[in-house]
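So the chains spell out like this:
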Amino acid sequence: MKNFIPVTRPLLPDFDDFVNELRDVWDNQWLTNYGPKHQKLEAELKSYLGVENISLFTNGHLALQVALRALELKGEIITTPFTYASTTHAIVECGCTPVFCDIDPVTLTIDTKKIEDLITEKTTAILAVHVYGTACDHKELKRIANKHNLKLIYDAAHTFGVTVDGKGIGSLGDISMFSFHATKVFNTIEGGCLTYSDPSLKQKIEAICSFGFEKNTSNALYVGTNAKMTEVSAVMGLCNLKIVDESLKKRKKVFEYYNEKFKNFDALQLICEQEGVKTNYSYYPIIINPDKCKTNCDQIAKKLEEQQIIPRRYFAPLTSEFSCYKNCFKNYETPVADFVSKNVLVLPLYPNLNLEECEKIYNIIVKELEK
Ligand SMILES: *Cc1c(COP(=O)(O)O)cnc(C)c1O
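In this text, all values refer to a predicted model and were calculated from it rather than measured experimentally.

Engineer: Help me out: how do you make sense of the sheet that holds strand β12 (residues 284-288) in this one?
Structural biologist: Adjacent strands of a sheet pair through backbone hydrogen bonds, lying either parallel or antiparallel. Read from one edge to the other, the open sheet built from three strands follows the order β10-β12-β13, with strand pairing classed as antiparallel. Looking along the sheet, the strands with just one partner apiece sit at the ends: β10 (268-270) and β13 (344-347). Averaged over all pairs of adjacent strands, the angle between strand axes in this sheet comes to 30°, irrespective of strand direction. When β12 meets β13, the two strands line up antiparallel, connected through four bridges. Across the sheet, residue Ile286 finds its bridge partner in β13, namely Leu345.

Engineer: For this particular structure, what's the right way to read the site of the ligand?
Structural biologist: Taken together, 14 residues lie near the ligand, and Gly60, His61, Asp155, Ser179 and Lys184 sit nearest. In the model, a nitrogen atom of the ligand is placed 2.7 Å from a nitrogen or oxygen of the Asp155 side chain. Here an oxygen atom of the ligand and a side-chain polar atom of Lys184 are 3.2 Å apart. Where the shell around the ligand is concerned, the elements lending two or more residues are α3 (60-70) and β8 (175-179).

Engineer: Looking at this structure, I do not really get helix α5 (residues 138-148). What am I missing?
Structural biologist: Think of an α-helix as turning once every 3.6 residues; residues three or four places apart then point the same way. Inspection of α5 places His138, Leu141, Ile144 and Ala145 among the buried residues, and these make up the whole buried set. Buried residues of α5, seen end-on, are gathered within an arc of 130° and therefore sit on one face of the element. Residues of α5 that are exposed and angled more than 90 degrees away from the buried face: Lys139, Asn146 and Lys147. Turning to α5, the residues buried within the fold contact β4 (123-129), β5 (151-155) and β6 (163-164). Just downstream of α5 lies Asn149, where phi reads positive at about 55°.

Engineer: I'm lost on the pattern of salt bridges in this one. Help?
Structural biologist: Two side chains of opposite charge can pair, provided their charged atoms sit close to one another. Enumeration over the complete set of coordinates arrives at 21 salt bridges. Note that Arg143 and Glu140 form a salt bridge whose closest N and O atoms lie 2.9 Å from each other. Taken together, the residues span about one helical turn, with Arg143 and Glu140 both in helix α5 at a distance of three residues. Connected via shared salt-bridge partners are Asp17, Glu21, Asp24, Lys37, Lys40 and Lys242.

About the criteria used
- Residues numbered from 1 in each chain as written.
- Predicted model: local features only at pLDDT ≥ 70, side-chain atom pairs only at ≥ 80, totals over all residues.
- Heavy atoms only, no water.
- Pairing = 2+ DSSP bridges.
- Helix = DSSP H or I, 4+ residues; strand = E, 2+ residues; numbered from the N terminus.
- Axes fitted to C-alpha atoms, helices over the stretch in contact; angles between N-to-C directions.
- Near = heavy atom within 4 Å.
- Polar contact = N/O pair within 3.5 Å; in protein donor to acceptor, adjacent residues only side chain to side chain.
- Buried < 20%, exposed > 50% of the residue type's maximum accessible area, 1.4 Å probe, protein only.
- Arc of directions from axis to C-beta.
- Contact = heavy atoms within 4.5 Å.
- Salt bridge = Lys/Arg side-chain N within 4 Å of Asp/Glu carboxyl O.

Any functional reading would require information that these geometric values do not contain.
Structure below.
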């Protein structure tokens with residue numbers, strides 16, 4: 001394990017701190033179903049994320065599914081294929097059809113110039129993804145959604161703690177989903193949340209999350225699922241929330257090191273900086289243009305792997321190319337997403353990655369780029 005450098009490592013609190021917080025759970029003998037730790041974490045996250053309304057979940061994927069169900073979406077949902085499986089699967093699992101829009105070549109988020117051509121009388125919503133900590137063009141998305149009377153949902157799984165013009169990114173649109181999976185910037189082991197603008201959705205969201213039950217009754221108002229966060233996960237969240245800011249500072253160091261080192265290579269496209277957006281340094285993707293160098297993404301990945309350094313291909317293949325979706329949907333052209341997906345590598349980035357390790361990674365990549 002010593003010399004192995006994975007793409008990420010989980011944020012882990014001090015073990016004694018975790019055990020201390022966990023002791024209350026044993027004392028209360030309350031393990032799940034909106035217990036005191038759940039309520040405490042919910043309140044703390046509401047303030048940390050700068051949102052008005054929040055509900056916690058057992059994972060981000062089920063949260064996203066519940067969001068689509070709570071809005072009673074039908075028909076077509078405009079989204080991008082340059083995302084994690086979860087986004088597209090959630091649409092399909094809810095009986096809707098994904099309509100794949102291309103991504104912007106700079107921000108790698110949905111290309112708002114291409115959305116309106118895809119709108120039909122069946123379109124009910126836009127599900128946009130804030131990729132790698134980069135924010136979607138929320139003003140334009142809001143304008144389009146309002147004009148066509150569409151719901152606007154964000155997959156904000158990558159953007160824990162990101163702010164846009166000083167406001168929490170989860171306050172944009174109708175509903176946003178955050179993931180608290182172990183591999184994300186902030187984790188509750190598994191977990192996630194929805195943040196939303198309409199407070200009256202809380203009762204419905206939490207009912208669907210809990211078998212559709214009307215509060216304190218055994219009557220189901222909705223066809224529900226079970227996606228409640230446990231008290232143990234909430235404890236993990238409370239402990240990690242205390243150290244997440246410190247970890248973001250450490251991530252920033254690694255991120256800035258890479259930026260400084262990689263900025264002058266013609267063959268590389270780096271993550272863009274956005275005015276007014278405070279990022280969370282969650283991922284460090286590089287897009288390698290094979291026409292501008294004598295190497296490519298596969299060769300660089302191979303060289304890194306030979307040295308026990310494991311980059312990841314977020315996101316390849318595109319979700320529209322999954323076997324399970326073969327011949328299922330209309331063939332939408334997404335040339336930018338195709339190009340990025342084929343040529344992107346996400347480099348290791350986690351709080352305790354030290355600068356010697358970063359230098360090692362840099363040297364391997366540069367040797368390839370300059371050959
Ligand atoms: C991680 C992730 C999800 C799913 O979150 P889980 O908490 O793992 O269910 C959804 N969308 C994106 C873009 C993700 O990266």
